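Coordinates in review
Here is what each chain is made of, one letter per residue.
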Amino acid sequence: NLYINISEENKMKKNIKLIAATVVAMGLLASPIASAKEIVIKFSHVTTEATPKGKGAMLFKKLVDERLGGKVRVEVYPSSQLYGDKAVLKALLLNDVQLAAPSLSKFSKYTKQWALFDLPFLFKNPQALNCFTDSAKGQALLGAAERKGIKGLGYWLNGMKQISANHALINPEDAKGLKFRIMSSDVLKAQFEAVNANPQKMAFSEVYNALATGVIDGQENTWSNIRSKKFFEVQKDTTISNHGVLEYALVTNKRFWNGLPTDIRMQLDQIVKEVTAQVTQFALDAAVKDMQTVADSGKTNIHTLTDAQKEQWVSAMKPVWAQFEDQVGKDNIAAVQQCNAKN
Ligand code: LMR
């Protein structure tokens, strides 16, 4: 019995040694394998590739391929192919996608502060918008959705919004009773109610059909989106109103980003910085070229407002600010106004 017990004990000791050695060996093997595993970043967005955002996403992919190929792979899904407006932020929080760049108008569930960007006639021009987003206040605001797990990596510009319908919109009264598609923003809702119109929240991917079939009468968007989504083909009249801005937040899942190996995260941050600067240029160019393309098509009449006409739109819509100034911060509004004065 004693003999048997000793031999059992030896066997057990041997087994333990064997298990320990295997664990060590696995550990040695596991670390190079784990670090060799490619990190996949899915970037889902709703515009076509031939837009400032679409080009920005492709440039991001290109620079990551060049500098981090083998370590990080970017997959870009444009045109609401993978996720539309609402679903993308949910997918981001589930880490099913890692990058998105929705309009700041689409984040009301995650932060009320980004509604600042929707205030009608707040930003004088894209330069004033960039001045604000580059400022200390603008940079602080980029972190507004972090509490909800959404990390802002940068602001991406699209540009100034124009307004269109199937009749000329010259005075605010011309918008009365018309159904306008809006992004999911209560500021934009209030803006159209201020001119007695009927705003309808709707996903970007549905706008063309809704215009074509008369489900809605009009819409507001930038020249880039009016051109790339062909809204001008189904709107007889477009007014150069420049009444609002379309600005994106390039966002990621905070836990995913913070969990990246430091050296990789630093390189990605650098790439984001470079791409963001390029997107500004893409957007400024698109505003000019796309307006020209739309004008040349002859499919929509483009209307320019006199100063007096523009002033009427301003006085009809600007009272909306008072409803939202506590929510978006009077100090932020004041900071934008300083940028307007400089630009
Ligand atoms: C819209 O919904 O009109 C825009 O936000 C689409 C976009 O991403 O430019």
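All of the points below concern the structure found in this document. (Residues numbered from 1 in each chain as written. Predicted model: local features only at pLDDT ≥ 70, side-chain atom pairs only at ≥ 80, totals over all residues. Heavy atoms only, no water.)

**Remarks on the overall build of the protein chain**
The number of helices and strands found in the protein chain is 13 helices and 9 strands. By residue count, 50% of the 343 residues in the protein chain fall in the buried class. In the protein chain, of all internal contacts separated by at least 6 residues, the share reaching a separation of at least 24 is 75%. In the structure as shown, the protein chain presents an accessible area of about 16400 Å², 54% of it carried by carbon and sulfur atoms. (Helix = DSSP H or I, 4+ residues; strand = E, 2+ residues; numbered from the N terminus. Buried < 20%, exposed > 50% of the residue type's maximum accessible area, 1.4 Å probe, protein only. Contact = heavy atoms within 4.5 Å. Areas by Shrake-Rupley, 256 points an atom, 1.4 Å probe, with all protein chains shown as cover.)

**Description of the packing of helix α4 (residues 126-134) against helix α13 (residues 330-342)**
Viewed as axis vectors pointing N to C, α4 and α13 meet at an angle of 130°, and their least axial separation amounts to 8 Å. Relative to α13, α4 is oriented oblique. You can see that α4 and α13 cross each other, and the crossing is right-handed. Side by side, α4 and α13 meet where Ala128, Cys131 and Phe132 of the first sit next to Asn332, Ala335, Val336, Cys339, Asn340 and Lys342 of the second. Taken together, the residues of the contact of α4 with α13 break down into 6 nonpolar, 2 polar and 1 charged. (Axes fitted to C-alpha atoms, helices over the stretch in contact; angles between N-to-C directions. Parallel < 35°, antiparallel > 145°, perpendicular 65-115°, else oblique. Left-handed = near helix turned anticlockwise from the far one by under 90°. Nonpolar A, V, L, I, M, F, W, Y, C, P; charged D, E, K, R; others polar.)

**Points about helix α10 (residues 262-297)**
Between its first and last C-alpha, α10 extends 50 Å over 36 residues, near the 52 Å set by a 1.5 Å rise per residue. At Ala286, α10 shows its maximal bend, which comes to roughly 30°. Backbone geometry just downstream of α10 places Gly298 in the positive-phi region, at approximately 65°. (Expected span 1.5 Å × (residues − 1). Bend = angle between axes of the 7 residues up to and from the residue.)

**Let's talk about the state of the cysteines**
What makes a disulfide is a covalent bond joining the sulfur atoms belonging to two cysteines. Under the definition given, this model contains 1 disulfide. Disulfide pairing is shown between Cys131 and Cys339; the S-S distance is 2.0 Å. Sign of the S-S torsion, about -75° for the bond between Cys131 and Cys339, identifies this disulfide as left-handed. Taken as a pair, Cys131 in helix α4 and Cys339 in helix α13 lie far apart in primary sequence, 208 residues in all. Summarising the burial analysis for this pair, Cys131 and Cys339 share the class buried. (Disulfide = S-S within 2.5 Å.)

**Observations concerning the nonpolar core**
One finds Phe60, Leu268 and Trp313 to be the most contacted residues of the largest nonpolar core, which totals 47 residues. With sequence-adjacent residues up to four places away left out, Trp313 is seen in contact with Phe121, Ile163, Leu169, Ile170, Asn171, Pro172, Ala175, Val195 and Leu305. Listed in part, the 42 residues of the second largest apolar core include Leu89, Ala128, Leu129 and Leu141. (Core = buried A, V, L, I, M, F, W, Y, C linked by side-chain atoms within 4.5 Å.)

**Structural notes on the packing of aromatic side chains**
The final tally for this structure, using the stated rule, is 9 aromatic pairs. Consider the rings of Phe180 and Phe192, whose centres lie 4.5 Å apart with planes at 20°: the pair is stacked. Of this pair, Phe180 sits in strand β5 (residues 179-182) while Phe192 sits in helix α6 (residues 186-193), and the two are 12 residues apart along the sequence. Taken together through their ring pairs, the aromatic side chains of Phe117, Phe123, Phe132 and Tyr155 make up a single cluster. Over the face of the ring belonging to Phe282 we find Lys55, whose NZ or CZ atom lies 5.5 Å from the ring centre. Across from the ring centre of Trp321, 4.7 Å away, lies the NZ or CZ of Lys318, which sits over that ring. (Phe/Tyr/Trp six-rings, centres within 6.5 Å; stacked < 30°, edge-to-face > 60°. Lys NZ or Arg CZ within 6 Å of the ring centre and 35° of its normal.)

**Describing the site of the ligand**
Around the ligand, the surrounding shell consists of Val46, Thr47, Lys53, Ser103, Lys106, Arg181, Met183, Phe204, Asn221, Asn225, Leu246 and Tyr248. For the ligand, an oxygen atom lies 2.6 Å from a polar atom in the side chain of Lys53. Residue Arg181 places a side-chain N or O atom 2.8 Å away from an oxygen atom belonging to the ligand. A breakdown of the residues in the shell around the ligand according to their chemical character gives 5 nonpolar, 4 polar and 3 charged. (Near = heavy atom within 4 Å. Polar contact = N/O pair within 3.5 Å; in protein donor to acceptor, adjacent residues only side chain to side chain.)

**As for the layout of surface pockets**
One number sums up the size of the largest pocket: a volume of about 390 Å³. Considering the residues around the largest pocket, the lining is formed by 19 residues, among which Gln139, Leu153, Gly154, Tyr155 and Thr276 are closest to the centre. Among the elements of the structure, α4, β4 (150-165) and α10 are those that each provide at least two residues to the lining of the largest pocket. It is β4 that provides the largest number of residues to the lining of the largest pocket, a total of 7 residues. (1 Å grid on protein atoms, 1.4 Å probe; cavity = no way out; pocket = protein on both sides within 12 Å on 5 of 7 lines; lining within 4 Å. Points joined across faces, edges and corners; volume = space filled by probe spheres on them.)

**Looking at helix α12 (residues 320-328)**
Among the residues of α12, Val320, Trp321, Phe324 and Val328 are the ones counted as buried. Buried residues along α12 cover an arc of 90° about the axis, so they all sit on one side. Facing away from the buried side of α12 by more than 90 degrees, the exposed set consists of Ala322, Gln323 and Asp326. The secondary structure elements touched by the buried residues of α12 are α6, α11 (307-317) and α13. Phi for Gly329, located one or two positions after α12, is positive at around 95°. (Arc of directions from axis to C-beta.)

None of this, on its own, says anything about what the molecule does.
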